[in-house]
Amino acid sequence: MQDEDIINSSSMQITKIMINNMRVSPNVPDIVSEAKLDNSSHSAVAVPLKQVESMNEARRKVSFGAVQFREHELVLGDNPSCSMGPPVSLGWGFKDRRPMNLDLFEQARSGTRRNDKEFYMPTCVREEMLFERDYSRAELREVVTEIGRIQHQRTETVKKLKFAPCEEVFEKARRKLRRVSKLLR
């Protein structure tokens, strides 16, 4: 099969690279050929299927040697999506743990993946974790109050969204009236 046939084939099993306003040099080996796409200034470089397959294989080979763990500090958060109680967040501080071989790590944790519900942390657990890290009840209360205020603002914004188109029309009319009043002065 010719390179031109590969380019025009409906299976499109080649990689096309778009080149703006460029031509392939005449001394490029037979491995690469050029084909015109429609009548624009774009051209495609067609690479034979064997070379594409070897390039794809090279791209697919990824390996990892070890997993490096970091244990981040737990801090009082500020996430307004927390429905009840104080949120917890990961802080910037961390401790490096000893690296572990990836294969050993995967074997050790097989079957231990958590589902969505297992990630839920009850309010009392979050509060206890924060108290253990020397946060006061007043600090927790302050954050919970601030989160409640932000949640209320978000609720009000959602309620007002249905009126946004009317407000835009009103604002445009007001701007036009201001321009007209300046012209009349």
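Quick look at the structure, then. Since we're looking at a predicted model, the values are computed, not measured. (Residues numbered from 1 in each chain as written. Predicted model: local features only at pLDDT ≥ 70, side-chain atom pairs only at ≥ 80, totals over all residues. Heavy atoms only, no water.)

## Notes on the overall build of the protein
Line of reasoning, step 1. A count of helices and strands for the protein gives 6 helices and 7 strands.
Line of reasoning, step 2. The N-to-C order of helical and strand elements in the protein reads α-β-β-β-α-β-β-β-β-α-α-α-α.
Line of reasoning, step 3. For the protein, the residues scored as buried account for 17% of the 185 residues in total.
Line of reasoning, step 4. When contacts within the protein are restricted to residue pairs at least 6 apart in sequence, those whose partners lie at least 24 apart make up 58%.
Line of reasoning, step 5. Carbon together with sulfur atoms contributes 55% to the accessible area of the protein, which is approximately 15400 Å² in total. (Helix = DSSP H or I, 4+ residues; strand = E, 2+ residues; numbered from the N terminus. Buried < 20%, exposed > 50% of the residue type's maximum accessible area, 1.4 Å probe, protein only. Contact = heavy atoms within 4.5 Å. Areas by Shrake-Rupley, 256 points an atom, 1.4 Å probe, with all protein chains shown as cover.)

## Some details on the pattern of salt bridges
Line of reasoning, step 1. If you walk through the whole model with that rule in mind, you get 7 salt bridges.
Line of reasoning, step 2. A salt bridge links arginine 70 to aspartate 96, with the nearest nitrogen and oxygen atoms 3.4 Å apart. A residue pair is termed long-range when its members are at least 10 positions apart, and arginine 70 in strand 5 (residues 70-76) and aspartate 96 in strand 6 (residues 88-96) qualify at 26 residues.
Line of reasoning, step 3. Given a relative accessible area of 49%, arginine 70 falls into the partly exposed group.
Line of reasoning, step 4. Overall, the relative accessible area of 49% leaves aspartate 96 in the partly exposed class. (Salt bridge = Lys/Arg side-chain N within 4 Å of Asp/Glu carboxyl O.)

## Quick notes on the side chain of arginine 126
Line of reasoning, step 1. Here arginine 126 lies in helix 4 (residues 123-132).
Line of reasoning, step 2. Nearest to the buried, unbridged arginine 126 among oppositely charged side chains is glutamate 127, at 7.6 Å.
Line of reasoning, step 3. A distance of 3.0 Å separates the side chain of arginine 126 from the backbone oxygen of methionine 84, its partner in a polar contact. (Lys, Arg positive; Asp, Glu negative; His and termini not counted. Polar contact = N/O pair within 3.5 Å; in protein donor to acceptor, adjacent residues only side chain to side chain.)

## Regarding the nonpolar core
Line of reasoning, step 1. In this structure, Leu76, Leu130, Leu140, Val143 and Ile147 together form the largest nonpolar core, which totals 5 residues.
Line of reasoning, step 2. Among the elements that line this core, the one with the most residues is helix 5 (residues 137-160), at 3 residues.
Line of reasoning, step 3. Residues contacting leucine 76, with those up to four places away along its chain left out, are Pro86, Pro87, Leu130, Tyr135, Glu139, Leu140 and Val143. (Core = buried A, V, L, I, M, F, W, Y, C linked by side-chain atoms within 4.5 Å.)

## Notes on a positive patch on the surface
Line of reasoning, step 1. A cluster of basic side chains, namely Lys172, Arg175, Lys176, Arg178, Arg179, Lys182 and Arg185, defines a positive patch on the protein surface.
Line of reasoning, step 2. Counting through the fold element by element, lysine 172 comes out in helix 6 (residues 164-184).
Line of reasoning, step 3. Classification of lysine 172 as partly exposed rests on a relative accessible area of 48%. (Patch = residues over 30% accessible without salt bridge, like charges linked within 9 Å, V, L, I, M, F, W, Y side chains within 5 Å. Charge placed at Lys NZ, Arg CZ, Asp CG, Glu CD.)

## A word on helix 3 (residues 102-109)
Line of reasoning, step 1. If you check the start of helix 3, you find a side-chain oxygen 2.7 Å away from the backbone N of aspartate 103, and it comes from asparagine 101.
Line of reasoning, step 2. Looking one or two places after helix 3, you find glycine 111, whose phi comes out positive at around 80 degrees.

## Quick notes on the layout of surface pockets
Line of reasoning, step 1. Put simply, the largest pocket is a space of about 180 Å³.
Line of reasoning, step 2. Taken together, Glu71, His72, Glu73, Leu74, Leu90, Gly93, Phe94, Lys95 and Arg133 make up the full set of residues lining the largest pocket.
Line of reasoning, step 3. Among the secondary structure elements, those contributing two or more residues to the lining of the largest pocket are strand 5 and strand 6.
Line of reasoning, step 4. For the lining of the largest pocket, a count of residues per class yields 3 nonpolar, 2 polar and 4 charged. (1 Å grid on protein atoms, 1.4 Å probe; cavity = no way out; pocket = protein on both sides within 12 Å on 5 of 7 lines; lining within 4 Å. Points joined across faces, edges and corners; volume = space filled by probe spheres on them. Nonpolar A, V, L, I, M, F, W, Y, C, P; charged D, E, K, R; others polar.)

## With respect to helix 5
Line of reasoning, step 1. In a regular helix each residue adds 1.5 Å, so 24 residues correspond to 34 Å; helix 5 covers 35 Å between its end C-alpha atoms and thus fits that length.
Line of reasoning, step 2. Here helix 5 has its buried residues at Leu140, Val143 and Ile147.
Line of reasoning, step 3. Residues of helix 5 that are buried make contact with strand 5 and helix 4. (Expected span 1.5 Å × (residues − 1).)

## Here's the deal with the side chain of threonine 123
Line of reasoning, step 1. The topology assignment puts threonine 123 in helix 4.
Line of reasoning, step 2. With a relative accessible area of 17%, threonine 123 lands in the buried category.
Line of reasoning, step 3. Sequence-distant contacts of threonine 123, that is, excluding residues within four places in its chain, are made with Met84, Gly85 and Pro86.

## Topic: unusual backbone geometry
Line of reasoning, step 1. Of note, aspartate 134 is a non-glycine position whose phi angle comes to about 70 degrees, a positive value.
Line of reasoning, step 2. Of the residues examined, aspartate 134 reaches a relative accessible area of 69% and is grouped as exposed.

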